[in-house]
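The lines below spell out each chain.
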Amino acid sequence: MKRILRRTAVVSLVLLLGFAILVLWAGGRLVAPTPRSVGPPPSDLPAETVAIPSGSGSTLAGWFVPGQPGMGTIVLLHPIHGCRLSMLGRARLFWQNGYSVLLIDMQAHGESPGEHITLGYLESRDALAAVQFAREHKPNEPIGVVGFSLGGAAALLGSQSLEVDAIVVECVFATIEEAVANRVRMRLGPLTPIASPLLLGQLRPRLGISPSSLRPIDHVADLAAPIMVLAGSDDQRTTIDESCRLYENACEPKRLVIVEGANHQDLYKHSPKLYEEQVLAFLREHMHK
């Protein structure tokens with residue numbers, strides 16, 4: 001009997017150790033840089049290649065697409081493990097409607113260097129640098145920001161709010177605790193209460209930041225700009241409850257759009273007609289008063 005108990009204890013210890021190693025590996029993968037060659041701008045966009053110094057410590061690779069004078073600039077911020085190519089569909093949409101468009105690779109993504117992805121912390125400085133670039137290149141014109149997932153978090157998390165005319169955020173987590181728990185729950189189910197703290201506990205040793213620094217919901221009320229919050233009705237990574245709370249915490253003017261049947265995905269690809277109608281109307285209303 002004692003031998004069986006000892007063996008059971010050893011097996012349990014080995015399993016727990018293996019589980020902990022797996023979670024540590026997953027944490028490293030989550031914040032590892034995702035460099036990739038982006039290549040030249042697409043032939044259907046008259047884009048200029050740009051390099052933008054950022055307070056994140058990176059020099060941001062990007063494309064600037066000049067639009068009609070006076071229409072203003074839309075800054076596009078991509079999701080985690082993406083790059084400016086992730087936002088090409090939106091770039092074409094906005095440029096075809098007269099806007100200038102700035103697409104960047106945030107730090108540690110695409111062709112922009114960086115040691116770690118920081119889940120919006122350093123990326124918020126990239127958002128600020130992109131807005132400053134847009135203002136310098138199109139002075140006295142309105143500026144809008146459209147951010148998907150990590151890009152939306154970057155638009156909200158800065159120590160200073162972005163001075164823009166309109167912000168559109170898509171599928172943005174309310175707090176990093178919820179973001180981690182939702183993703184772990186999808187994969188590990190009942191092990192979530194164990195795995196989530198192990199992942200969150202890696203933030204400070206890996207990135208030097210705490211979970212309290214990654215709470216977009218604590219920043220959204222500070223925005224001076226009108227905000228549109230878009231969410232997928234079936235999103236398990238950023239739940240409807242999170243998006244509704246983000247919207248509720250924002251100041252007027254604001255708008256909430258739920259895309260039926262969409263999960264944590266490119267909402268423009270999922271529902272292009274709805275996206276065009278809602279987002280373009282919102283930008284026109286607040287960028288061209």
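All figures in this text were calculated on a predicted structure; none of them were measured in a lab. The written sequence of each chain sets the order in which its residues are numbered from 1. Reporting of local features is limited, given that this is a predicted model, to residues whose pLDDT is at least 70; pairs of side-chain atoms are given and counted only at 80 or more, and all residues count toward the totals for whole chains, interfaces and linings. The basis for the side-chain values is all heavy atoms of the structure; hydrogens and waters are excluded.

1. Quick look at the overall build of the chain
(1) Moving on: Check the secondary structure of the chain and you find 10 helices and 10 strands.
(2) Moving on: Burial here depends on accessible area, computed with a 1.4 Å probe over protein chains only, as a share of the maximum for the residue type. Under 20% is buried, over 50% is exposed, and the range in between is partly exposed. Looking at the chain as a whole, 51% of its 289 residues are labelled buried.
(3) Moving on: Throughout, a contact is declared for two residues whenever any of their heavy atoms are within 4.5 Å. Taking all contacts inside the chain whose residues are at least 6 apart in sequence as the whole, residues at least 24 apart take part in 73%.
(4) Moving on: Each accessible area is a Shrake-Rupley result for a 1.4 Å probe, and residues are judged covered by the shown protein chains and nothing else. Accessible surface computed for the chain: about 13,200 Å², of which carbon and sulfur atoms make up 56%. By definition, any uninterrupted DSSP run of H or I lasting at least four residues is a helix, any uninterrupted run of E lasting at least two residues is a strand, and each is numbered from the N terminus.

2. A short note on the side chain of Ser 196
(1) Moving on: Inspection of the secondary structure puts Ser 196 in helix H6 (residues 192–200).
(2) Moving on: Using a relative accessible area of 8% as the deciding quantity, one classes Ser 196 as buried.
(3) Moving on: Ignoring anything within four residues of it in the chain, the contact list for Ser 196 reads Val 180, Ala 181 and Val 184.

3. Some points on the pairing of strand S3 (residues 59–65)
(1) Moving on: Buried residues dominate S3, accounting for six of its seven residues.
(2) Moving on: Two strands qualify as a pair provided DSSP detects at least 2 bridges between them. Sheet topology note: the strand S2 (residues 48–53)/S3 ladder contains six bridges and is antiparallel. Residue pairing in the sheet places Val 50 in a bridge with Gly 62 of S3.
(3) Moving on: Counted along the chain from S2 to the antiparallel partner S3, the turn is five residues long, and its residue Gly 57 has a positive phi close to 100 degrees.
(4) Moving on: As defined by bridge partners, S3 adjoins strand S5 (residues 100–104) across four bridges and the pair is classed as antiparallel. Along S5, the bridge assignment pairs Phe 64 with Leu 102.

4. Topic: the nonpolar core
A general tendency of soluble globular proteins is for nonpolar side chains to be buried together.
(1) Moving on: Joining through side-chain atoms within 4.5 Å is the link that ties buried Ala, Val, Leu, Ile, Met, Phe, Trp, Tyr and Cys residues into a set, and such a set is a nonpolar core. With 53 residues, the main nonpolar core has Val 75, Leu 102, Val 145, Ile 176 and Ile 227 as its most contacted residues.
(2) Moving on: In terms of residues, this core owes the most to one element, helix H3 (residues 123–137), which gives six residues.
(3) Moving on: Beyond its immediate sequence surroundings of up to four residues, Ile 227 is in contact with Leu 156, Ile 167, Val 169, Val 220, Ala 250, Pro 253, Lys 254, Arg 255 and Phe 282.
(4) Moving on: In this structure, Val 168, Met 228, Tyr 268 and Phe 282 belong to the second largest nonpolar core, which totals 34 residues.

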